[in-house]
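These are the residues of each chain, in order.
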Amino acid sequence: MTTSETPESSRSTLFDLRHPALLGVAILTLSYLSVLYHVTNVVGGSTTLLLVVGATLALATLLGRFLRIRSALVLSTLILVGGLAAYFFSVPESNRALFTVGRVVSDTIALLTGLSVLRLTKAGAWALAIAPGPVFLSWYLAVRREYVWSVVVGGGALGFFVLTGDAGAATTLLGVVGAAAAIGLDTLSTRGAWTAQLDTLAVVLAAMVVLSATLSIVPGGAAQPLLENRGAPTVESSLVSSSDRVTILGSIRLSPKVRFEVRSDSPEYWQVRSFDRYTGGDWVRTGEDETFSGRLDGPPGSSRTVVQNVKAKTSISNLPAAWKPVRVTGLDESTLRVTHQGNIVSTESVGVNESYRVRSEMPQYTREQLRRSGTDYPTRVSENYLQLPETTSDRVRAKAAEVAGNETNAHDKARAIEQYLEANKEYSLTVQEPDGEIADTFLFEMDAGYCTYYATTMVVMLRSQGVPARFVSGYTTGQQVADDKYVVRGLDSHAWVQVYFPDVGWVDFDPTPSGPRQTAEGARLQEARQSEEAGVDTEETNPESSTTEPNTTETETPEPETPTDNTTNQSTSNRSSVDPNRILSQEALGANGPGETGELSVTTSDDTSGGLPSLPSRETLGVGLALMVGLAAGARRTGMTSRATRFVWMYYQGAQQDPTADTERAFGRLEYLLERRYRPRRPRETPRSYLTALSKVGLDERATEVGELYERAHYGPGVSRDEADRAIALVDTLVREEIPVIGRIRN
């Protein structure tokens, strides 16, 4: 980028807000600003962001008239540094000590290698800090008609969010189109050139759209192919295979593979991750993982110890454990980390037949204790677990108030919402992926869903009522094979809810109906066994190797009694009123198989195409539209459009008009045919002299007859209907006899 100054006399030419390339810069700017807007919408501050960006654009437009480029570079740097300083002071004072040079460098590297901006503790303040600098410089350069350098700045900002994984495929695609349009329109901006080459630009843009939609820009990043054939994912892959984010999907399937075995003092839910930040479409866990120091604190109140010995049956990338884990042994301690939410994770996978031991301190309480717990929440809890996107609809808040607003404590509010969802929504693995905010869509537009929908909606409703809650993923208890041993499969992966109570800690609730879910799991397991899928049983669970009857190979733990107000919660009753056993026995499925037990029939096979056909996504429709525009522009550019038009025109006379017009049209078709076979009619050469000249080289007499009818229609008294039809018929015959090849037709 040159830093030479533009003469005053040329500045009026240089500064041009009507230049078409500005549209491309605007599109590129919107693409990366949309990421920042999404961040501030999730955590708060979207209105402030719009005001800041608007002021920045106005300043860049104003200073673009007279500020030198070198000065603009200095100013944009100062804006960026000032924003980052403001972000530093927005962070709690206790965390500022973390802002060492080494930590800042490592955090930057983490962002550039896939750490989502939404995981930052003060993500909204960071977005407000980072936005003005690149916006100012990119727009300033654009109004100075330095479009290439403007695209470099804007593309760098967008590229940063592609690397963090926050710029999805559609956003990246929008930015690519904007950048290409800006540079292309700038190149073609000479007088009349850009309009003449508009079809070329359309072809290039369409090609970029299709390539961006079918190729991943960053492997493993968020900008994944829009048109890839993903198929229906498993519940497990969507819940526990991703450590930082859980995306709410559409139709999903169950995996019957055995993942691990647990020997435990009691049957529990085996938690893997918990998530605090809700974006409206997915869940993100914030904060960075810290080094595991050997032991964690237990819950704030009384607790009981549960020891679990976990043995991996396939390689697992997580450490399932009952909440709250305080110690892990049997693994290299240097590989263990502690999440901001209190889960213990490993940087290395646990291999097949490897084992580890977990000690958990589970909260102990009575129902009356939960009811009396009050609302004196720790600051970190209220800051992290009451967050809702700014776009959370009023009707969601109203429904939550209708269901739980009359309750006077957090426990009763949670029970009311849990029971409402269980009673009013059905369980199904086959659903249309929501197009809007998940809780709103599930509450008001969907009749059924699976665990992620139930858990998400309950958390949102609780938070709207001022009750701290979070989304939890992991596995349900699994199949009990001994008094203290459980076999856990992929189909046991699950999502549920934890609610925070002062002096107690996090308490489990599960709004997903247990009966229909267990029916789905049992049916899928039965199907896998019948088709002899590998890895679905161990020696202890395989019906063929058991000495007992097949229908007793899976035991069903009785549903725990709901604790009275004065009883201490001991085990699975932590979980309100759920059945800890995750798989129904064959007997529970009924003699005639699943779906005939009076329970809700659910789709469990890998084929999730049942029901009404789903419409293509907006991204797919957009790519299809771009492809059609590109093909049309390419056809026009190569002349195929005009040749095809001529081909149709020559073969098809069209609807009848008056005899004179029909005869003239017939002669036009004949003349085009003769031009292709012989030569075109020369300037000032009359139709008669043209036909006479061609007669010398063997012109068909029928062509001469058409020429005579044309002269009578065009120059003479006119022709009758029969004569016009005669001219049309003669030309039709000559065209059919010619049997032209479309590639030979010329304009």
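How each quantity is defined
Residues numbered from 1 in each chain as written. Predicted model: local features only at pLDDT ≥ 70, side-chain atom pairs only at ≥ 80, totals over all residues. Heavy atoms only, no water. Axes fitted to C-alpha atoms, helices over the stretch in contact; angles between N-to-C directions. Helix = DSSP H or I, 4+ residues; strand = E, 2+ residues; numbered from the N terminus. Left-handed = near helix turned anticlockwise from the far one by under 90°. Contact = heavy atoms within 4.5 Å. Nonpolar A, V, L, I, M, F, W, Y, C, P; charged D, E, K, R; others polar. Parallel < 35°, antiparallel > 145°, perpendicular 65-115°, else oblique. Pairing = 2+ DSSP bridges. Phe/Tyr/Trp six-rings, centres within 6.5 Å; stacked < 30°, edge-to-face > 60°. Buried < 20%, exposed > 50% of the residue type's maximum accessible area, 1.4 Å probe, protein only. UniProt positions renumbered as here; feature names shortened; annotations may be inferred.

1. Section: the packing of helix α16 (residues 410-424) against helix α18 (residues 451-464)
For the pair α16 and α18, interaxial distance at closest approach is 10 Å and the crossing angle is 145 degrees. Seen along the crossing, α16 lies across α18 with a hand that is right-handed. Contact with α16, carried on its side by Lys-413, Ala-414, Ile-417, Glu-418 and Leu-421, involves Tyr-454, Thr-457, Met-458, Met-461 and Leu-462 of α18 and no other residues of that element. For the contact of α16 with α18, the per-class residue count stands at seven nonpolar, one polar and two charged.

2. What to know about the packing of helix α4 (residues 69-90) against helix α6 (residues 123-130)
The N-to-C vectors of α4 and α6 enclose an angle of 165 degrees; their axes lie 8 Å apart at closest approach. It follows that α4 is roughly antiparallel to α6 by the angle criterion. Note that α4 runs across α6; the crossing there is right-handed. Where α4 approaches α6, its residues Leu-80, Gly-83, Leu-84, Tyr-87 and Ser-90 are matched on the opposing element by Ala-125, Trp-126, Ala-129 and Ile-130. In the contact of α4 with α6, the residues fall into seven nonpolar, two polar and no charged.

3. Examining the sheet that holds strand β16 (residues 485-489)
Here we have six strands laid out as an open sheet, ordered β8-β11-β7-β2-β16-β15, and antiparallel in their pairing. Looking at strand neighbours, the two that pair on one side only are β8 (325-329) and β15 (479-482), the edges of this open sheet. On average, adjacent strands in this sheet sit at an angle of 25 degrees to one another, irrespective of strand direction. Pairing between β15 and β16: three bridges, direction antiparallel. Following the sheet pairing, Gln-479 is matched in β16 by Val-487.

4. Regarding the packing of aromatic side chains
Overall, the coordinates contain 19 aromatic pairs when judged by the stated rule. Both rings, one in Phe-136 and one in Tyr-140, keep their centres 6.1 Å apart while their planes meet at 15 degrees; by these two values the pair is stacked. With a gap of four residues between them, Phe-136 and Tyr-140 both fall in helix α7 (residues 132-143), about one helical turn apart. The same class applies to Phe-136 and to Tyr-140, which are both buried. Members of the aromatic cluster, connected to one another through ring pairs, are Phe-275, Tyr-278, Trp-283 and Phe-471.

5. Looking at the UniProt feature "transmembrane region" (unreviewed entry) in the chain
Here the UniProt feature "transmembrane region" (unreviewed entry) sits at residues 21-39, 45-64, 71-89, 123-142, 147-163, 169-188 and 200-222. Annotated as 100% helix and 0% strand, the span residues 21-39 places its first and last C-alpha atoms 28 Å apart. The distance from the first to the last C-alpha atom of residues 147-163 is 24 Å, and the span holds 100% helix and 0% strand.

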